[in-house]
Structure formats: C-alpha cells, structure tokens
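# Descriptive analysis of the structure
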Amino acid sequence: MDGDQTPEEQVEIGESDETSKFDDNVELTSVFSFSLDQRIMEGCVISAVLEPDGQETIVAVSVTNKVIIKDTETSLNITETIRCIAAAPFGEGYDCIVIGTDSSVICYDVHNNLTVFRNDVPDGVNCFAYGKLGDLEEAIYCGGNCCIWGFDKSGANTYWTVTGDQVTTMCLSDYDGDGETELVIGSPDFEIRVFKNDLMRAELMETDEITSLAHVTSGCFAYSLNNGTIGTYVLKERQWRIKSKSNVSKIFNFEEQGLMVVVWKQGKVDLRFAHNGEVLSRDSVATPVASATLSRDEENPTVTVVCLDGKVKGFKMELSNYEQEEQLTEAEKDRDFRIPADTDVAVVFIVSCETQLLSLRVEASHAIPIRGVLIFAEGLFEGESYIWIPPNEHQSRSVIDIPLVIDKDSTNDLHTKVFLGHVDSNKLMVMENTRILPRFCRFTLLNKEFEKFFYMPTCFVKFKLSPRAIKLSEWVSESFTIDSSLVEIFDENEGDFKFMGLRPKHEKSLMFSIDPAEKTFTIFHDDIETVGAMVQSYSSFFQIQNMESVAHFPDVFKEAEEILEEMDPMTEVRDRLTAELQERQAAVREVLIRAEDAIAIDTIPNARKFYIRLKANDAAARQAAQLRWNNQERCVKSLRRLNKIIENCSRLRVGEPGRQIVVTCRAAIAEDNKQIVTKVLQYGVSSQ
C-alpha cells in the first residue's frame, strides 16, 4: 500500500507561502509498456543517449550481473559485482555508461565500444551523482565506504573527501540558496551531510537510514528513509514529511512545474506538489519496482518504471477532464450534476465552549453535498481511522462537524479524504487535506463569558522567563487551539491567561501567569505529566538548554513520601518471607529424602507417613512462596511508581537540572537519605 496515505502514514506539512506553478488538474497517464525479458537488479536502471543524435534508451543491470540495453543485443559482461550504474555525458553529444562495482568504477563508451577509464576504488562504489559541485568542473561523483571520489571524463581524480559513514545515496543541490551546488549525501547512520566543495558544511539528523536524495529546486532537496518517510528540506529546514509502511525506490522533480514524482518499491507512483507533499495524481504498476528513470524532454517528460521481473511501464502528465468543463453550457453542467472545477474543501478545528468539545469542521464550497469523510490519524481513532457517512444520502450536507476526543498530549496528523457529489449523481470527487493537531489541543483560551467552566488548579510549576522567549505567542499558536486574533495577547508578557480543558480534560483547567516584576512564568495545572510536557515544549521551541524551576504538586510529593516510608518495612518483610520460604523448602527436601529412604528399605508404612507430611510441607512452601511473590510485586510496583514520579519531576526542569534530579534522588535512596528526596523534587538540586 505504499504511496497511499493510509492509517500508517503520518504527515507533517510545514507552512509555506510557495504555491504550485502548475495547473491543479494534472494527472499521471500510462502511455506505454513492454518487457526486458530479464530479472533486474534493484536500483540499477538508467536512461541514456548512447549514440550521437540518438534517442534515449533504457539501460539496466540484470540479476546475472550483465548490463543490458533495450532494443539491442548488446550486453556488457562485468567480472566484478555491480552495485550501481549511472550515465554521464562524456561523449561528443552522447552519454557513457558509468558502472560502480565492489572494487572499481568503470566508464564505458557504447558508441565506440571501448572502456574510457577504469579506476580502482577501495571498498567499492555504492552510488553516483553527476554534475558541477561548487566552483569545480563537472564530474562523476562516486559514493563509497566513508569517502567520496570524483572523476572527470578522462578518468582523472578531481575530488576526494572523507565522510562519517558509508555513502548510500547522493545528489547535487543548491542547499543554502547561494547559487552554487553542494553535494548532499545520505548514510546508514541516519545523517544527511552537506559538502561545500570538499568541506562538510551541515549535518541533518533523521530517524532512520537515508535511502534516496533528489534535487527539487534552488535551496530545496527531497529525501527518503528506510522506515518509509519522505520529505523535503528548504534552506536548511525541513518543510514537510510523510511516512508510509513502504519504501521509496526513486524520487524525481519537475522544477519548473513545482511537482515531484515518488516511485514506491511496491509499485505505487505518486505525482505530488513539491512544496507540501500533497498528492495530485496516482497510478501504479503490478509488480515490485527495481528502479525508475525520467526522460530529459522538459516539454513532455516521461517517467519510466522498471520492475524487478523486467516489465516496464511509462507515465506522462496530462491535463484532466476538468479542462472540458469550460466547453459545456450551464444546462449541460446541471444535467450532468458536474462539480465546479474550483470547488474547495475547508478543514478547520473549532471549539464549542458550551459542550467543552473540540471538533473537526469539514465544509465544501458551492454548497456541494458531502457524501462521506475518511480520516486517518495515528492513535486517535480505534483502528487508526474514522469514517463518516450520512444516515441517508439525501441527508448529505455541505458542512459537518466531527468530534475529536484526545487522550494524550502529542502532535497528531489528520489526513482527510472528503467525497463530494450530488445525491443524484453516480460520480464523486475526492478532495484530500491535511491538518496538524497541536500538541496541547485539549486546552483553549477562555473568554470572560465562559469563565464558569474554569477550575483554579492547586498545582503549579514556576520558572524564570527566558530572554529567548521574546514572543510567547509563537509557541502558543503552534501548541494550542487558539483563535489567531487572540494569540497576540501573550506578547504583553503580563497577567493571567485562563484555559478551559476540553473533553476528556474538561474538569482540569490550565492557567499561565506571567509576572514581569519577578520575570517568572507560572503554569497552573493539576496533571504533572501535562505540565512537564509543556515545560519541555516551551524550552524546545525557544531552544533553552538549561532551566531550573520550583514545583508544587502536594499529592504527588505525598505519594512519594508514603512510598519512601514503606520501603524499609517492605524490605524487612521480604527478608523475613525469604527466610521462611527457605525453611519450608529445606523441610520439603528433608521429608522427601526420608520418604525415599523408607521405600529403599521396604518400610512402606513409614514411607506413607513421610509422603503425607511431604504434602503438608509442600503446601506450606507454596504459600510462603506466594506471600513472598505478592510482597515482591508490591515492592516493584511502588519502586516503579516512585521512579515515574522522579522522572515526571525531572521533566519540570530542562537540561542538566533535570538530569540532576534523577541522579540525586537515586543516590539519596541508595544511601538511605530519603528525607531529602521530596525537597529535591520540589525545589531542584540547587536547593540542597
């Protein structure tokens, strides 16, 4: 199901003012198919012009280690194991084939049937990138084991640098938007590294092995990971990312049109907007993909997908049938129940203060009836998805509200598919949309008229306002569901700001209190885990490295004291029960030996007595073992709860102060200095 935005897929789309330069009414269309009649090695497919004034043709590597060329009987037999293949314009008006093996790089001229050069590369070549790097001349760059080699068309070594890990994928892209290309490489150590000439200028940490990189536009490149994530970076910042269960085979871009094609290994082919990742059109092939290529014809680009079994299918971009709508009369449109081409669907979050409920509102323009809504969200709905269908198709309406009940404080991604169509029409339009659910969406700022829903919390955490937190409104607007017109009040940096809890937190309110005289920020809320999450979110947003705080959670600290007081008695009981169990086990062993001896000397009546006694001792031993196990379980549960309390209190601080909470509390417990633990939890280590 790769490429489909399924319940497993997570979407994070960053804000961007960039709009697509291409008509929205574009779709992928299959234009040809054939077979190479050989099984193809994964990742080893290119498109190249091998003859002067010739046509582009497919070149692939078979699983038998042969380089095969479409529509010719030519095949290259390479004695070394082939890892990758590329095309470089080293000929006079045509391409040479560049082959990476486990020990060398080979440049072959098909037109003249000769090897242009063959250079040894220690540990082999994993990937290629051709082009101009910075102020260097054009060259073919070879990614190897912790190093990169560059060769010009004569085979001269023009570039060499060291990397931190294997190079598994590369592309040339203007990473920083300065007009010069940089070399962007991906590695199995989860890092994307950027080289300006031979010097590394940036390291971008991702969440899994980097599997594919592709230039998108100036200052932007696309990437994919081994866990199914794809996304783009724009001027050093991640713009958006999407995660699926499947893996990407190849990514291509259409720079002028603002589009990109993503080919997935399981066969899906997506046409997406480059600036936000939303799918514009989708098609597929029937079998797993080996790789794909993009033709160089900018006016009529063709994506050619080559499958592992050798089957080949080509796709082009074409205008969809909505272009025909302009040619129809209004009467024809009404008779055909056509949906206007400019129909749009708005998906927004709304809050009902009366019911204390957050909802997702879906509204279609032109009063087009909504026939169904499908929402994918990880962990939000049972089964990861939610389906809304009107009870009766004639009850379809253009505006619906879907209630959202959030159980935890975490950012979530809601991907909606909205089905539109008149009730008498047999055709539906599917509109896709994505909204990011803020991390603390279970709270909304209260207006004065709804202050009756506010319950003053008894617990709080207080810390110094950071000089970095110049505009608190930026953090609040990203993290809470608040009307944009109200967000700016947080920049006043003074006063109390009351929040109402939304279901299921409707009985737990939240308040921010900012004291400009003391320069303190106090968060009032009765759930320590939620407050800790807010402290960590605040510090992460404003890049605060270390921060102390004073906490007041009486019930939590009282529970910690009770656990600490119980620890010594529980330890004494455990020791006593352990000794008792050992005695019972010894008695069982003794009676068992005496019973066996009685049988050996043929005194059966005595043996019968010993076995009766053995049964009683065994029952007593089992009871002692159960008592010891129950005590041990109680002890373990108490220690786990105490450890959770310490961890929650550490999250009320940031950086080293938080780490010291854990270290100091564990040391105090080990040294039987338990009386200082609650003070450390409340005031931090600096108070000691």
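Residues numbered from 1 in each chain as written. Predicted model: local features only at pLDDT ≥ 70, side-chain atom pairs only at ≥ 80, totals over all residues. Heavy atoms only, no water.

## Concerning the overall build of the protein
In terms of regular secondary structure, the protein is built from seven helices and 42 strands. A compact globule built from 688 residues should have a C-alpha radius of gyration of about 26 Å, whereas the protein, at 34 Å, is more than 25% larger. Overall size of the protein, expressed as C-alpha extent along the three principal axes, is 100 × 85 × 55 Å. Within the span of the protein, comprising 688 residues, buried residues form 49% of the whole. (Helix = DSSP H or I, 4+ residues; strand = E, 2+ residues; numbered from the N terminus. Rg over C-alpha atoms; globule rule 2.2 N^0.38 Å. Buried < 20%, exposed > 50% of the residue type's maximum accessible area, 1.4 Å probe, protein only.)

## Thoughts on the UniProt feature "domain: BBS2 hairpin" (unreviewed entry) in the protein
As recorded in UniProt, the sites labelled "domain: BBS2 hairpin" (unreviewed entry) are residues 554–651. Between the first and last C-alpha atoms of residues 554–651 the distance is 17 Å; the span itself is 96% helix and 0% strand. (UniProt positions renumbered as here; feature names shortened; annotations may be inferred.)

## Here we look at the packing of aromatic side chains
Scanning the model with the defined rule gives 27 aromatic pairs in all. A centroid spacing of 5.3 Å and a plane angle of 65° characterise the contact between Phe 463 and Phe 521, whose relative ring orientation is edge-to-face. Taken together, the residues Phe 463 in strand 38 (residues 460–464) and Phe 521 in strand 41 (residues 520–524) connect sequence positions 58 residues apart. An aromatic cluster is built from Phe 440, Phe 463, Trp 475, Phe 480, Phe 490, Phe 497, Phe 499, Phe 512, Phe 521, Tyr 538, Phe 541 and Phe 542, whose rings are joined through pairwise contacts. A cation sits over an aromatic face here: Lys 70 above Phe 34, 4.7 Å from the ring centre. (Phe/Tyr/Trp six-rings, centres within 6.5 Å; stacked < 30°, edge-to-face > 60°. Lys NZ or Arg CZ within 6 Å of the ring centre and 35° of its normal.)

## Quick notes on the environment of Ala 587
In this fold, Ala 587 is placed in helix 4 (residues 554–600). A residue is classified by how much of its surface remains accessible, and Ala 587, at 25% relative accessible area, is partly exposed. The spacing of Ala 587 and Cys 107 is 480 residues in sequence and 83 Å in space, taken between C-alpha atoms.

## Considerations on the sheet that holds strand 17 (residues 191–196)
Spatial strand order, 15-16-17-18: four strands in an open sheet with antiparallel pairing. Two strands in the sheet have a free side with no partner beyond their single neighbour: strand 15 (169–173) and strand 18 (199–205). Strand-to-strand twist of the sheet, defined as the mean angle between neighbouring strand axes without regard to direction, takes the value 20°. (Pairing = 2+ DSSP bridges. Axes fitted to C-alpha atoms, helices over the stretch in contact; angles between N-to-C directions.)

## Observations regarding the sheet that holds strand 9 (residues 104–109)
Backbone hydrogen bonds hold the strands of a sheet together, and the pairing may be parallel or antiparallel. An order of 7-8-9-10 is seen for the four strands of this open sheet, with the pairing classed as antiparallel. Strands with a single pairing partner mark the edges of an open sheet, and in this sheet they are strand 7 (82–88) and strand 10 (114–120). Across the sheet, the mean angle separating the axes of adjacent strands is 20° when strand polarity is ignored. Where strand 9 meets strand 10, six bridges bridge the pair, whose relative direction is antiparallel. Bridging across to strand 10, Tyr 108 finds its partner in Thr 115.

## Some details on the packing of helix 2 (residues 472–479) against helix 3 (residues 528–541)
Running from N to C, helix 2 and helix 3 cross one another at 125°; their axes reach a closest spacing of 10 Å. As far as their axial angle goes, helix 3 and helix 2 are oblique. Note that helix 2 runs across helix 3; the crossing there is right-handed. Residues Leu 472, Glu 474, Trp 475, Glu 478 and Ser 479 of helix 2 form the contact with helix 3, whose own contacting residues are Met 534, Ser 537, Tyr 538 and Phe 541. (Parallel < 35°, antiparallel > 145°, perpendicular 65-115°, else oblique. Left-handed = near helix turned anticlockwise from the far one by under 90°. Contact = heavy atoms within 4.5 Å.)

## A few points about the packing of helix 5 (residues 604–650) against helix 6 (residues 656–670)
Running from amino to carboxyl end, helix 5 crosses helix 6 at an angle of 150°, the nearest separation of the two axes being 8 Å. On the basis of the axis angle, helix 5 is roughly antiparallel to helix 6. Helix 5 and helix 6 meet at a crossing whose hand is right-handed. Contacts between helix 5 and helix 6 involve Leu 642, Asn 643, Ile 646 and Ser 650 from the first element and Gly 658, Ile 661, Val 662, Cys 665, Arg 666 and Ile 669 from the second. Its residues placed into classes, the contact of helix 5 with helix 6 shows six nonpolar, three polar and one charged. (Nonpolar A, V, L, I, M, F, W, Y, C, P; charged D, E, K, R; others polar.)

## Considerations on the nonpolar core
The biggest cluster of nonpolar side chains holds 53 residues, and the ones touching the most others in it are Phe 480, Phe 499, Phe 512, Ile 523, Tyr 538 and Leu 681. Among residues more than four places away in sequence, those in contact with Phe 480 are Pro 438, Phe 440, Phe 443, Trp 475, Phe 499, Leu 510, Phe 512 and Met 534. (Core = buried A, V, L, I, M, F, W, Y, C linked by side-chain atoms within 4.5 Å.)

## Examining the pairing of strand 27 (residues 289–294)
In terms of residue burial, strand 27 counts as a mostly covered element, since five of its six residues are buried. Bridge analysis of strand 27 against strand 28 (residues 302–307) gives five bridges, and the strand direction is antiparallel. Across the sheet, Val 289 pairs through a bridge with Cys 307, a residue of strand 28.

## Considerations on the pattern of salt bridges
The final tally for this structure, using the stated rule, is 23 salt bridges. As a salt-bridge pair, Arg 634 and Glu 566 come within 3.8 Å of each other at their nearest N and O atoms. With Arg 634 in helix 5 and Glu 566 in helix 4, this pair connects stretches of sequence that are 68 residues apart. Given the relative accessible area of 29%, Glu 566 is considered partly exposed. In this structure, Asp 618 and Arg 622 form a salt bridge, with 2.9 Å as the shortest nitrogen-oxygen distance. One end of the pair is Asp 618 and the other is Arg 622, both in helix 5 and four residues apart, which spans about a single turn. On the basis of relative accessibility, which here comes to 30%, the residue Asp 618 falls in the partly exposed class. When salt bridges that share partners are traced, they join Asp 176, Asp 178, Glu 180, Glu 182 and Lys 196 into one network. (Salt bridge = Lys/Arg side-chain N within 4 Å of Asp/Glu carboxyl O.)

## Thoughts on unusual backbone geometry
Omega for the peptide link from Arg 503 to Pro 504 comes to 10°, which places this bond in the cis form. Of note, Pro 504 is situated in the loop between strand 39 (495–501) and strand 40 (510–515).

## Focus on the state of the cysteines
Counted by the stated rule, this structure contains zero disulfides. The thiol of Cys 44 is unpaired, and the distance to the nearest cysteine sulfur, on Cys 84, comes to 6.7 Å. Cys 44 gets classed as buried once you look at its relative accessible area, which sits at 0%. No disulfide involves Cys 127; its nearest neighbouring cysteine sulfur is the one of Cys 84, lying 6.5 Å away. (Disulfide = S-S within 2.5 Å.)

## Section: the UniProt feature "domain: BBS2 GAE" (unreviewed entry) in the protein
UniProt records the feature "domain: BBS2 GAE" (unreviewed entry) for residues 354–440 in the present numbering. Helix and strand shares over residues 354–440 are 0% and 49% respectively, and the end C-alpha atoms of the span are 19 Å apart.

## Describing the domain arrangement of the protein
Under the domain assignment, the protein is made up of domain 1 (41–247), domain 2 (345–437), domain 3 (443–531) and domain 4 (554–683). Computed from C-alpha coordinates alone, the two centres of domain 2 and domain 4 are separated by 52 Å. (Domains from an automatic or database assignment.)

## Comments concerning the environment of Gly 258
Among the structural elements, Gly 258 can be located in the loop between strand 23 (248–254) and strand 24 (259–264). The exposure class of Gly 258 is buried, given its relative accessible area of 12%. Once the C-alpha coordinates of Gly 258 and Leu 213 are considered, the two residues, 45 residues apart in sequence, prove to be 17 Å apart.

## As for the pairing of strand 9
The two faces of a sheet get side chains in turn, since along a regular strand they alternate between them. Counting buried positions along strand 9 gives six out of six residues, so the element sits mostly inside the fold. Burial of the side chains of strand 9 extends over both faces: Ser 104, Ile 106 and Tyr 108 are buried on one face and Val 105, Cys 107 and Asp 109 on the other. Alignment of strand 8 (residues 96–101) against strand 9, held across four bridges, turns out to be antiparallel. Bridging across to strand 9, Ile 97 finds its partner in Tyr 108. Hairpin connection between strand 8 and strand 9: a loop of two residues separates the two successive antiparallel strands. Between the antiparallel neighbours strand 9 and strand 10 lie four residues, among them Asn 113 with a positive phi of about 55°.

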